[in-house]
Every structure is written in C-alpha cells, then in structure tokens.
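The residues making up each chain are set out below.
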Amino acid sequence: MTSMSSGEGAASRKLLRVLEALGSAEGPLRLASLAAETGMAKSTAHRLLAVLVAEGWAASREGSYELGPRARAVAAAAIRDPVNASVDAVLQGLSTEVSQTVHLGLAAGDHFIYTHKVEGPQGFGIASHVGMKQLLHSTAIGKCILAGVGDAELADLVRRTGLPARTTRTHDTLDALLADLAGVRERGFALDDEENEDNIRCVAVPVRINAKTIGAISISTVTLLTDLDTVVGFVPAMNKAAARVQGLLT
C-alpha cells in the first residue's frame, strides 16, 4: 500500500478537523475557540469555515459556528437517530393530512438545503431531493428564511448572488423582493407562485429556534390540480407541524 505524503491531503484533513471540532462541541463555537481547538491560525479556520458554510456542512449564527444541515442530515441518516425519525413522522403526518408533497429545508449560507422530503400520493414527482441546494429569493422556504433577516443583510446577499430569474414570475429586483417579504412577515407564511418552477406552487411556514428562523416547512403543489385558496388553507396544519419540529430540534 502506498503511503500518503505529508503534504498530500492536508487541506482535506484540516476540513475534517474543523468538522470534528464542531461535532464534539457542546454548543456553537466562536472563531477563536475553534482555531484554538484545531490548532490552526484564525485566518485558516475562517477560510475553511467559509467553504463549509457555503456548502451547508457548517452554519454561522451570530458570530459562532455549528454543524450545518448537510452534516446533520448525514449524521441522522447514519445513526437513524430518534429525532430525525420523529421529524420524518411529523412530516409524513402532514403529507397524509393534506395529500401533498412536504419538504423541510434549512438555511445554508446563501442557499437552503432540503433535509427531509415526503412524497405525496399524487401520480407525479416534484423535482427535488434531500441534500439539494435551492435559491432563497425564488422559493417559499427561502422567502421564509429571508423574511427573518434585516434589509441590510438581504441587500448584501443580493449583491453576492444576484436575483437570477428561474421563471418569468421570479422577483428579479430588490424592491419587488422586499415587498413580498413584508407580506411574508405580516401573514406568517410565504408563497412561491410558479417563481422557481413553472406549474409548481409552494407554500411555506418558518421553523424557528430561539426566535431565529433556521428554515421552513413547505408543501408543493401542481397549479393545474390545486388552486391558490386550497394551498393557503394548508397553513394551519403546517404551523402545527412546524411547532412540533421546532420542539424536536430545540
């Protein structure tokens, strides 16, 4: 067997050390603490964390870092932990109640990632899968997340990512997006009315921990089969499911 040279794979080993430190910590870690824990310079740790946050393997919250949704999804799948099984049961119950496809998505940097999906009983499939990254501005889950951030933070995100048009209905100006998010905050749920995919309408309600929106539960429907009033009528059941998921994740 050929041994690995001392320089080969150094960056990968450093990433693994960062993930190990995040996974073994009792709570979120500040940059200085993580750098000390891994024996890295703060600049190196910060650079690696930026990569992990962008890909959803770590999450940044108020200047501290913790495992992100992709890491949690992999861990849950590996050990079949009771929390993950319970979240699946809540989402399955919601899907059965409304006879639609249900997702849970968690914030991951400038995107969100689907961590759970329950297919509805319809004879068609929604083009999504667990681990898939999605845009924030064109999706109901993403708009729930964006409604929980300030206008300055939103403007910074738009400068970084732009507002790419997924369909002719996508909000492609900051003013239009801000107006939509004001409505999300007022009514407590978000809509994606064929803004991310033609013929698909989604509704989402936020999932919060310690008053911070970390993601959302969504229901995805086909516009030809389910009208807008029916979609909005799912919200009370979704809010009950979100409250149960929040309790499981806290």
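See above for the structure.
Bear in mind the structure is a predicted one, so any value in this text is a computation, not a measurement.

Quick notes on the rules
Within each chain, residue numbers correspond to sequence positions counted from 1 in written order. A pLDDT threshold of at least 70 governs which residues receive local features in this predicted model, and a stricter bar of 80 or more applies before side-chain atom pairs are shown or counted, although totals over entire chains, interfaces and linings include all residues. To obtain the side-chain values, all non-hydrogen atoms of the structure were included, while hydrogens and water were left out. Under the scheme used here, helices are H or I runs from DSSP no shorter than 4 residues and strands are E runs no shorter than 2 residues, and both carry numbers assigned from the N terminus. Atoms counted for the radius of gyration: C-alpha only. Globule rule: 2.2 Å times residue count to the power 0.38. Partly exposed residues are those whose accessible area sits between 20% and 50% of the maximum for their type, while under 20% is buried and over 50% is exposed, using a 1.4 Å probe and protein chains only. Two residues form a contact once any of their heavy atoms are found within 4.5 Å. Per-residue and other accessible areas were derived by the Shrake-Rupley procedure at a 1.4 Å probe size, with only the shown protein chains allowed to occlude residues. This count recognises Lys and Arg as positive and Asp and Glu as negative, with His and chain-terminal groups excluded. Positions of charges follow a simple convention, taking NZ of Lys, CZ of Arg, CG of Asp or CD of Glu. Here, a strand pair is defined by DSSP locating no fewer than two bridges between the strands. Fitting a line to C-alpha atoms yields each axis, with helices limited to the stretch in contact; the angle taken between N-to-C directions then spans 0 to 180 degrees. The criterion for a disulfide is a pair of cysteine sulfur atoms lying within 2.5 Å. Note on definitions: salt bridges are taken to be side-chain nitrogens of Lys or Arg within 4 Å of carboxyl oxygens of Asp or Glu. Roughly parallel refers to an angle under 35 degrees, roughly antiparallel to one over 145, roughly perpendicular to one between 65 and 115, and oblique to any angle outside these ranges. By the definition used in this description, the sense in which the near helix is turned from the far one sets the handedness, with an anticlockwise turn below a right angle giving left-handed and a clockwise turn giving right-handed. For this classification, Asp, Glu, Lys and Arg are treated as charged, while Ala, Val, Leu, Ile, Met, Phe, Trp, Tyr, Cys and Pro are nonpolar and the rest, including Gly, are polar.

A. Layout of the overall build of the protein. What the protein contains, in helices and strands, is ten helices and nine strands. Rg of the C-alpha trace for the protein: 19 Å, near the compact-globule value of 18 Å for 250 residues, within the 12% margin. Dimensions of the protein, computed from the C-alpha atoms along their principal axes, are close to 60 × 40 × 35 Å. Taking all 250 residues of the protein together, 47% fall into the buried category. Nonlocal contacts in the protein, meaning residues at least 24 apart in sequence, comprise 54% of its contacts between residues at least 6 apart. Here the protein has roughly 12500 Å² of accessible surface; of this, 53% comes from carbon and sulfur atoms. Taking the average place of the 24 positive charges on the side chains of the protein and the average place of its 27 negative ones, the gap between the two points comes to 6 Å.

B. Structural view of the sheet that holds strand 3 (residues 64-67). With antiparallel pairing, the three strands of this open sheet are ordered in space as 1-3-2. On the outer flanks of this sheet lie strand 1 (29-30) and strand 2 (58-61), each paired with one strand and no other. Where strand 2 meets strand 3, four bridges bridge the pair, whose relative direction is antiparallel. Residue pairing in the sheet places Ser 60 in a bridge with Tyr 65 of strand 3. The sheet contacts of helix 1 (residues 10-24) involve strand 1, strand 2 and strand 3, and relative to strand 3 the element is tilted by about 90 degrees. Sheet strands in contact with helix 3 (residues 42-54) are strand 2 and strand 3, and its direction is about 105 degrees off that of strand 2.

C. Local environment of the state of the cysteines. Tallied over the full model, the rule gives zero disulfides. Distance from the sulfur of Cys 144, which forms no disulfide, to the nearest cysteine sulfur (Cys 202) is 11 Å. Overall, the relative accessible area of 4% leaves Cys 144 in the buried class. A relative accessible area of 10% places Cys 202 in the buried class.

D. View of the pattern of salt bridges. Inspection of every chain in the model, using the stated rule, returns ten salt bridges. Taking the shortest distance from any N to any O, the salt bridge between Arg 201 and Asp 193 comes out at 2.8 Å. You can call Asp 193 partly exposed: its relative accessible area is 22%.

E. Structural context of the packing of helix 7 (residues 151-161) against helix 8 (residues 174-187). Viewed as axis vectors pointing N to C, helix 7 and helix 8 meet at an angle of 140 degrees, and their least axial separation amounts to 12 Å. In this view, helix 7 runs oblique relative to helix 8, as classed from their interaxial angle. Seen along the crossing, helix 7 lies across helix 8 with a hand that is right-handed. Counted together, Asp 151, Leu 154, Ala 155 and Val 158 of helix 7 and Leu 174, Leu 177, Leu 178, Leu 181 and Arg 185 of helix 8 form the full contact between these two elements. Of the residues in the contact of helix 7 with helix 8, the class split is seven nonpolar, no polar and two charged.

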